[in-house]
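Here is how the chains run, residue by residue.
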Amino acid sequence: MVEDFPMHERTTDTTQTAVPLPEPRGRSYTAREGERGRAMTSTEAGRLAGAARVSREPFGRMERLHLAVLAGVFVLLAAVFGAGAAAYTALSGQLLDMQNETNARLLDMQNETSARLLDMQKQIGKLSDRMTRIETLIETHLVPASNAREPAGS
């Protein structure tokens, strides 16, 4: 097999125009090989002293404010739920007391009604006996013998 273009050969035109890099101004951000480990000059120290220091706190001012508001909301919700639970417990206790009192009153009324019904039944029984005696008396003494019916209860 014959290769027309070996892999190590260039296939583009080699006459490219090179663009020169600009000359470096000032100092580089990274230290050169020879500058590592040397002491800082007073000019460099003065320049860095005026720079804003990096905060070592994990949260900034806004994050702390947000956390404080979130904690306040959490405490408020806990207080509301706690108050709701206490109110629910108090109302449940009051409702249970009212139910027990109502049940006791209903039981008293039922007992009183039963007693009155028994008393009325006794009174009705006595009245029935009296009526029977009065009817017998009337039929035996006041009605003539020809019109008389048989006495009640016989």
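Everything that follows concerns the structure shown earlier in this document.
Let me begin by describing the structure that accompanies this report. Worth saying up front: this structure is predicted, and the values here are computed from it rather than measured.

On to the overall build of the protein, then. Across its full length, the protein carries two helices and zero strands. Expressed as a percentage of its 154 residues, the buried residues of the protein come to 2%.

This part covers the pattern of salt bridges. Counted by the stated rule, this structure contains two salt bridges. Two residues, R105 and E101, come together in a salt bridge whose shortest N-O distance is 3.0 Å. With R105 and E101 both in helix α2 (residues 61-142) and four residues apart, this pair spans about one turn of that helix. By relative accessible area, which is 54% here, R105 ends up exposed. Linking R116 and E112 is a salt bridge whose minimum nitrogen-to-oxygen distance equals 3.0 Å. Residue R116 and its partner E112 are both found in helix α2; the two are separated by four residues, about one turn of the helix.

Here the focus is a nonpolar patch on the surface. Taken together, the side chains of M62, L65, V69, V73, L77 and F81 present a nonpolar region at the surface, about 600 Å² in accessible area. Mapping V73 onto the fold places it in helix α2. For V73, a relative accessible area of 41% corresponds to the partly exposed category.

On the surface, a cluster of positive charge is contributed by K122, K126, R130 and R133. Considering the arrangement of structural elements, one finds R133 in helix α2.

What counts, and at which threshold
Residues numbered from 1 in each chain as written. Predicted model: local features only at pLDDT ≥ 70, side-chain atom pairs only at ≥ 80, totals over all residues. Heavy atoms only, no water. Helix = DSSP H or I, 4+ residues; strand = E, 2+ residues; numbered from the N terminus. Buried < 20%, exposed > 50% of the residue type's maximum accessible area, 1.4 Å probe, protein only. Salt bridge = Lys/Arg side-chain N within 4 Å of Asp/Glu carboxyl O. Patch = residues over 30% accessible without salt bridge, like charges linked within 9 Å, V, L, I, M, F, W, Y side chains within 5 Å. Areas by Shrake-Rupley, 256 points an atom, 1.4 Å probe, with all protein chains shown as cover. Lys, Arg positive; Asp, Glu negative; His and termini not counted. Charge placed at Lys NZ, Arg CZ, Asp CG, Glu CD.

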